[in-house]
Amino acid sequence: QVQLVESGGGLVQAGGSLRLSCAASGGFLTRYQMGWFRQAPGKEREFVAASSAYCADSVKGRFTISRDYAKNTVYLQMNSLKPEDTGVYYCAAYDSFYGRSYYSKGAYDYWGQGTQVTVSS
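I will try to describe carefully the structure that is included in this document. (Residues numbered from 1 in each chain as written. Predicted model: local features only at pLDDT ≥ 70, side-chain atom pairs only at ≥ 80, totals over all residues. Heavy atoms only, no water.)

1. Here we look at the overall build of the protein chain
When its secondary structure is counted, the protein chain shows 0 helices and 11 strands. Against the globule reference of 14 Å for 121 residues, the protein chain gives a C-alpha radius of gyration of 13 Å, in line with a compact fold. If you line up the protein chain on its principal axes, its C-alpha atoms span 40 × 25 × 25 Å. For the protein chain, buried positions account for 44% of its 121 residues. Looking at the protein chain alone, contacts between residues at least 24 apart form 61% of all its contacts between residues at least 6 apart. Only carbon and sulfur atoms are counted for the fraction: they give 48% of the accessible area of the protein chain, which is about 6,300 Å². Where the 12 positive side-chain charges of the protein chain centre and where its 9 negative ones centre are 2 Å apart. (Helix = DSSP H or I, 4+ residues; strand = E, 2+ residues; numbered from the N terminus. Rg over C-alpha atoms; globule rule 2.2 N^0.38 Å. Buried < 20%, exposed > 50% of the residue type's maximum accessible area, 1.4 Å probe, protein only. Contact = heavy atoms within 4.5 Å. Areas by Shrake-Rupley, 256 points an atom, 1.4 Å probe, with all protein chains shown as cover. Lys, Arg positive; Asp, Glu negative; His and termini not counted. Charge placed at Lys NZ, Arg CZ, Asp CG, Glu CD.)

Printed below as a string of structure tokens:
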């Protein structure tokens, strides 16, 4: 069973950048489909990005997902941040053996605790 720990969130001004990290333990990333989701106050948790290079339309061209297999870590590089990007960002994983829909939060079996991202205008 894989454990996921996110880091890298914080407060940033609109137009700025942040890089989120998701460190995995208890399993190798090569086995898992990885995703990033976010949840704003009062809203549903929504898909942001998934490996290898899938992104939601709202972040396309601004966010990039990548993996470092040597460090067993997944990253979310976020550029040109907007106030509407504010929320708690979660890393998630499921065994890639299963042919599930990577954009669906119900597909993921493992979740991190989340990291807060706040973008000020």
